[in-house]
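# Tertiary structure, described
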Amino acid sequence: MKRFDIAVIPGDGIGREVVPAGRKILDVVAQVHGGLRFRYQSYPWSCAYYLKHGRMMPEDGLARLGGSDAIFLGAVGFPGVPDHVSLWGLLIPIRREFQQYACVRPVRLLPGVRSPLAGRGPGDIDFIVVRENNEGEYSSMGGRIYSGTPHEVVTQLNLFTRRGTERIIRYAFQLARGKRKRKVTSATKSNGIIYSMPFWDEVFWQVAKEYPGVAAEQMHIDALSARFVTHPQNFGVVVGSNLFGDILTDLGAAIAGSIGIGASANLNPERRFPSCFEPVHGSAPDIVGRGIANPLGQIWSGALMLEHLGFPKAHDLVVKAMSSVLDSGIKTPDLGGKASTRQVTAAVVGEIRRLA
Ligand code: GGG
């Protein structure tokens, strides 16, 4: 029997509605597997916690998470707490402390889901975005002086290290090597951003040389975004900086039907620290409490966790069950359906049991 300790942070808004769905699926998978068990430790760290305690998590929060095998997170951010406070108080410290530098986000049009792109079917949209997750545009370097005066000056530094850039690009090539479409597309903007992006390109082509069996191309982020819409079938693995990867994966989830489905793995590839699994979506305050949040982004993130923990067949089982449920028309309203979070979750549970 393999036992895993999972730290659970439902967080804010619909995170608290979809995390229980994700846990339910993990437990059912463990049950049908027979040799797998999860032990959960849940933490209430969130914007509500911030309003009560003045911080998003306690001082020893990261130390507490550090002992777990993985972190299963819902959503972070809610009106009443500025987004940069909630993100930098919880999500970003987790990603940095645990060296989760590879953020892996599959973009796949599942059967039964209609893409907003006309005439596109499941085989047309199936690629992975690898987002650099520890540096880049998400940096705390910069400053603000003469606040609120006409002389106000604000600077924000982007931070690109050779180590950080090389390792994420190498990760993308290694991932592409094992895929059907062996191709890596680099998101750049070296025509406008004259230091960091030419550096990014230079490293990209240096690393590309190490992988002669993998096709390589670079595209400016503006043209690349347009290509996501016009030629989504052209991509295998797309690698981008922290901000570019963040934006591209919302777009990716949208062309694959809904941001409610997008899944995300924040990986420490060396496995020295726990990795963190969370849906791409945020806390969605507009639909909180209505019971209609799409649980599939969280469920798919759980599947990525199973894969990372060494259970690739369990990952495939969950994605297959999700696909069958969608194909049978059981969908939440973001996908044009009428089903509730609970109904979709129950249908996935039933399908896992049937398939297993
Ligand atoms: N599911 C995680 C979440 O709440 N994400 C919201 C968000 O704004 N994330 C920004 C980021 O991933 O950097």
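This is a predicted model, so every value here is computed, not measured.

Bringing the overall build of the chain into the picture now. When helices and strands are counted, the chain shows 11 helices and 12 strands. Against the 2.2 N^0.38 benchmark of 21 Å for 356 residues, the chain shows a C-alpha radius of gyration of 20 Å, consistent with a compact globule. Its C-alpha atoms give the chain principal-axis dimensions of about 60 × 50 × 40 Å. When each of the 356 residues of the chain is scored for burial, the buried share is 54%. Nonlocal contacts in the chain, meaning residues at least 24 apart in sequence, comprise 74% of its contacts between residues at least 6 apart. Put simply, the chain shows about 15700 Å² of open surface, and 52% of that area lies on carbon and sulfur atoms. Measuring between centres, the 41 positive side-chain charges of the chain sit 6 Å from its 31 negative side-chain charges.

Moving on to the site of the ligand. Lining the immediate surroundings of the ligand are 13 residues, of which Gly74, Val76, Glu278, Pro279 and His281 lie closest. Pro279 places a polar main-chain atom, nitrogen or oxygen, 2.7 Å from a nitrogen atom of the ligand. Within the complex, the protein chains bury 86% of what would otherwise be the 360 Å² of accessible surface of the ligand. Taken together, the residues that form the shell around the ligand break down as 5 nonpolar, 3 polar and 5 charged. In this structure, the shell around the ligand is formed jointly by two domains, domain 1 (1-101 + 270-356) and domain 2 (126-255), each of which donates at least three residues.

Turning next to helix α11 (residues 341-355). The end-to-end C-alpha distance of α11, which contains 15 residues, comes to 21 Å, matching closely the 21 Å that a straight helix rising 1.5 Å per residue would cover. Turning to α11, its buried residues are Thr341, Val344, Thr345, Ala347, Val348, Val349, Glu351 and Ile352. In this structure, the buried side of α11 is in contact with α1 (15-33), α9 (296-308) and α10 (312-327).

With that settled, the discussion passes to helix α7 (residues 221-230). Inspection of α7 places Ile221, Leu224 and Phe228 among the buried residues, and these make up the whole buried set. Relative to the axis of α7, the buried residues are bounded by an arc of 55° and lie together on one face. Turning to α7, the residues buried within the fold contact β5 (126-132), β8 (183-188), β9 (215-220), β10 (237-240) and α8 (242-255).

What follows concerns a nonpolar patch on the surface. A contiguous nonpolar patch, built from Met141, Leu157 and Leu159 and spanning about 240 Å² of accessible area, is present on the exposed surface. When you line up the elements, Met141 lands in the loop between β5 and β6 (142-145).

Moving on to the pattern of salt bridges. Tallying each qualifying case throughout the model produces 13 salt bridges. Close ionic contact of Asp60 with Arg64 constitutes a salt bridge, the shortest N to O distance being 3.3 Å. Accessibility expressed as a relative area gives 38% for Asp60, which makes it partly exposed. When its relative accessible area of 39% is taken as the criterion, Arg64 is described as partly exposed. When the shortest N-O distance is used, the salt bridge between Asp222 and Lys189 registers 2.9 Å. A residue pair is termed long-range when its members are at least 10 positions apart, and Asp222 in helix α7 and Lys189 in the loop between β8 and α6 (196-208) qualify at 33 residues. Classification of Asp222 as partly exposed rests on a relative accessible area of 46%. Connected through salt bridges with shared partners, the residues Arg162, Glu166, Arg170 and Glu210 form a single ionic network.

A few words on the pairing of β9. Note: β8 against β9, 6 bridges, orientation parallel. Bridge pairing links Ser186 to Gln218 in β9. After leaving β8, the chain enters α6 and then returns to the sheet as β9, a path that is right-handed.

Located in the positive-phi region is Gln99, a residue other than glycine, with phi close to 45°. Note on placement: Gln99 falls in the loop between α4 (83-97) and β4 (102-108). Overall, the relative accessible area of 23% leaves Gln99 in the partly exposed class. Positioned with a positive phi, Ala284 is a non-glycine residue whose angle comes to about 45°.

Once that is clear, we can look at the pairing of strand β1 (residues 2-11). A large share of β1 lies buried, amounting to 7 of its 10 residues. Note: β1 against strand β2 (residues 36-42), 7 bridges, orientation parallel. The partner of Asp5 across the bridge, within β2, is Arg39. Regarding the hand of the β-α-β motif, the stretch spanning β1, α1 and β2 is right-handed. Summarising the sheet, β1 and strand β3 (residues 70-75) pair through 5 bridges and their orientation is parallel. Its bridge partner being in β3, Gly11 is matched across the sheet by Ala75.

What counts and how
- Residues numbered from 1 in each chain as written.
- Predicted model: local features only at pLDDT ≥ 70, side-chain atom pairs only at ≥ 80, totals over all residues.
- Heavy atoms only, no water.
- Helix = DSSP H or I, 4+ residues; strand = E, 2+ residues; numbered from the N terminus.
- Rg over C-alpha atoms; globule rule 2.2 N^0.38 Å.
- Buried < 20%, exposed > 50% of the residue type's maximum accessible area, 1.4 Å probe, protein only.
- Contact = heavy atoms within 4.5 Å.
- Areas by Shrake-Rupley, 256 points an atom, 1.4 Å probe, with all protein chains shown as cover.
- Lys, Arg positive; Asp, Glu negative; His and termini not counted.
- Charge placed at Lys NZ, Arg CZ, Asp CG, Glu CD.
- Near = heavy atom within 4 Å.
- Polar contact = N/O pair within 3.5 Å; in protein donor to acceptor, adjacent residues only side chain to side chain.
- Nonpolar A, V, L, I, M, F, W, Y, C, P; charged D, E, K, R; others polar.
- Domains from an automatic or database assignment.
- Expected span 1.5 Å × (residues − 1).
- Arc of directions from axis to C-beta.
- Patch = residues over 30% accessible without salt bridge, like charges linked within 9 Å, V, L, I, M, F, W, Y side chains within 5 Å.
- Salt bridge = Lys/Arg side-chain N within 4 Å of Asp/Glu carboxyl O.
- Pairing = 2+ DSSP bridges.
- Right-handed = clockwise from strand over helix to strand, strands pointing away.

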